[in-house]
Amino acid sequence: MAEPMKIRTTLKGDSADVRVLMVHPMETGLRKDASGSIVPMHFIQEVAVKVNGKLAIEGQISQAVSRNPVFSFRLKGVKAGDKLEIAWLDNKGERSQIETAIA
Amino acid sequence: MNPLRRVTLQTVAALTAGLALPLRALAAWNKEAFQAKTAADALKNLGIASSAESKDVLIDAPQIAENGAVVPIEITSNVPNTKSIAIVIDKNPFPLAAKFDFSEGAAPYVKVNVKLGESSFVRVLAEAGGKFYSASREIKVTIGGCGG
Amino acid sequence: MRLPLALLLALCLAAPGARAQDSKKEIEKYQRMIADSSPAELFELQGEDVWKKPQGPRKVSLERCDLGLGAGVLKGAYARLPRYFKDADRVMDLETRLLYCMTTLQGRDGAQASRTAFGTADKPSEMEMLSAYIAGQSRGVRLAPGATHPKEKAAYELGKALFFYRAGPWDFSCASCHGETGKRIRMQDLPMLSKPQYARPVVAAWPAYRVSTSEMRTMQWRMNDCYRQMRFPEPEFASDATVAVITYLTVNARGEPYRGPGTKR
């Protein structure tokens, strides 16, 4: 059950700016829907960013991150063609992953 | 079928539990810290006994957010050997918003959109060399337009 | 002796103005920062999928839809709307034209498509995704709505009349909020849309992702919601009235380079 993600990378020397857009409701469990019932908590808890298989950034996030999260990171010591993988895991055990080459 | 359930252009997505990315190998989500109801408890559960205010921890964020649902915050730590950055939003029901750990392959930098339940101080804690360095900013939240 | 006094006066007078200016600058900073990392892009990607998906009883995609520059030509098409279409004998904006293609090409039920044109945060509508995708294909292109056909001119005149037409329980018109400079609702500046100078940056950024509701909102939605806020009866989706007002606004914004789907509070 993969929700779409999108990555943009911008290589500057041996650094890369990475922007990742995710689709996720990031429900706080405090919101009521149109019928008045509480929408249960549903949010990404873990985000992993790997370069060439090696973990570069590990993020633990809460329901306080906005719906449809957008993160910007900066990688060091990378070059064009390096493999970038970003994955997330939410509180329901759902996950998604995206892979791209740094450009 | 929900059109959102599709994989976009640049991706090769692993759709099963057999991910190439063993997220279970990461540190478990810090439940105690994230479920703390005060900033003080969140910091305690993160193991942050004390922190020193530092001009090397930079927060770039607007002073006024037109809507609390999406407040953009950009954080850079110029403290050498910064290993992690945590974001605490004082007045939120659960103040700890996020914590990022950086390896050699990443700069201690992140931009993220967070929710502010109301106008609040946003604190950033950077860990380097076993010590914690902090910075904070006050962000005012307004409700815009006709409420729509 | 005069100079220091004048300076003192100038400082006293500037103070309240300066504070308002600071607020404005900080809000502009907020707007810049949210636009910089916006989920709007994801809607463009999803819209591309919808455009190419065979649907309806005829099981065809929208790829043969003519948005004014030829069947399936998307680059720059949004910037040329609204315009007159001979096959429908009507001036149409993007959503009206998409509805037309959904019914004539794909054989889909127009009433049903209109009813579901405005989505929710959990379930964005196809119209919203398509609008984002197609509008994105006009990035950088100067807005050039149709201006020569008699029906295009009539749509502009009707839109203008509607803009200033006061009615409803509050006796409001669009101009009540958007007819003067210096107006504001809470923290939102209200642009004077009857003047090109103010209409241009606004029209150049719709459709837009609304962060407060996590929804991609279109111009048809904006018309509908403005009428709701004025306590008017609900306008029909893709009606002559909504197309006319959109035409009036877009003509006022003529020449402005389209910026692509925007991000708003």
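Residues numbered from 1 in each chain as written. Chains lettered and ligands numbered in written order. Predicted model: local features only at pLDDT ≥ 70, side-chain atom pairs only at ≥ 80, totals over all residues.

(A) Looking closely at the interface of chain A and chain B. At the interface, 43 residues of chain A touch 42 residues of chain B. Mapped onto the side of chain A that touches chain B, the elements with two or more residues apiece are strand 1 (5–12), strand 3 (44–51), strand 4 (54–61), strand 5 (70–76), strand 6 (83–90) and strand 7 (95–101) of chain A. By residue number, the principal contributor to the side of chain A that touches chain B is strand 4 of chain A, which donates eight residues. Class assignment for the residues of the side of chain A that touches chain B results in 22 nonpolar, 10 polar and 11 charged. (Contact = placed C-beta atoms within 7 Å. Helix = DSSP H or I, 4+ residues; strand = E, 2+ residues; numbered from the N terminus. Nonpolar A, V, L, I, M, F, W, Y, C, P; charged D, E, K, R; others polar.)

(B) Spotlight on the environment of A:Gly77. Considering the arrangement of structural elements, one finds A:Gly77 in the loop between strand 5 and strand 6. Excluding anything up to four places from it in sequence, A:Gly77 contacts A:Asp14 and B:Gly105.

(C) Inspection of the packing of helix 2 (residues 40–52) of chain C against helix 5 (residues 126–136) of chain C at higher detail. All names here are of chain C. Where helix 2 contacts helix 5, the two axes come as close as 7 Å, and the packing angle between them is 100°. It follows that helix 2 is roughly perpendicular to helix 5 by the angle criterion. In this structure, helix 2 uses Ala40, Phe43, Glu44, Gln46, Gly47, Glu48, Val50 and Trp51 to contact helix 5, whose residues at the interface are Glu126, Glu128, Met129, Leu130, Ala132, Tyr133, Ile134 and Gly136. Looking at the contact of helix 2 with helix 5 residue by residue, the classes come out as nine nonpolar, three polar and four charged. (Axes fitted to C-alpha atoms, helices over the stretch in contact; angles between N-to-C directions. Parallel < 35°, antiparallel > 145°, perpendicular 65-115°, else oblique.)

(D) Fine view of the packing of helix 8 (residues 196–203) of chain C against helix 10 (residues 240–252) of chain C. All names here are of chain C. Packing of helix 8 against helix 10 leaves a shortest axis separation of 7 Å and a crossing angle of 110°. In terms of their interaxial angle, helix 8 and helix 10 are classed as roughly perpendicular. Across from Pro196, Ala199 and Val203 in helix 8, the residues of helix 10 making contact are Leu249, Thr250 and Asn252. Class assignment for the residues of the contact of helix 8 with helix 10 results in four nonpolar, two polar and no charged.

(E) Quick peek at the sheet that holds strand 2 (residues 15–22) of chain A. The sheet built from six strands is open, its strands ordered 1(A)-2(A)-5(A)-7(B)-4(B)-2(B) with antiparallel pairing. In this open sheet, the two edge strands, each paired with only one partner strand, are strand 1 of chain A together with strand 2 (57–60) of chain B. In this sheet, adjacent strand axes meet at a mean angle of 15° when their direction is disregarded. Bridge count between strand 5 of chain A and strand 7 (residues 109–114) of chain B: two bridges; the pairing is antiparallel. Bridge assignment links A:Ser72 to a residue of strand 7 of chain B, and that residue is B:Lys111. (Pairing = 2+ DSSP bridges.)

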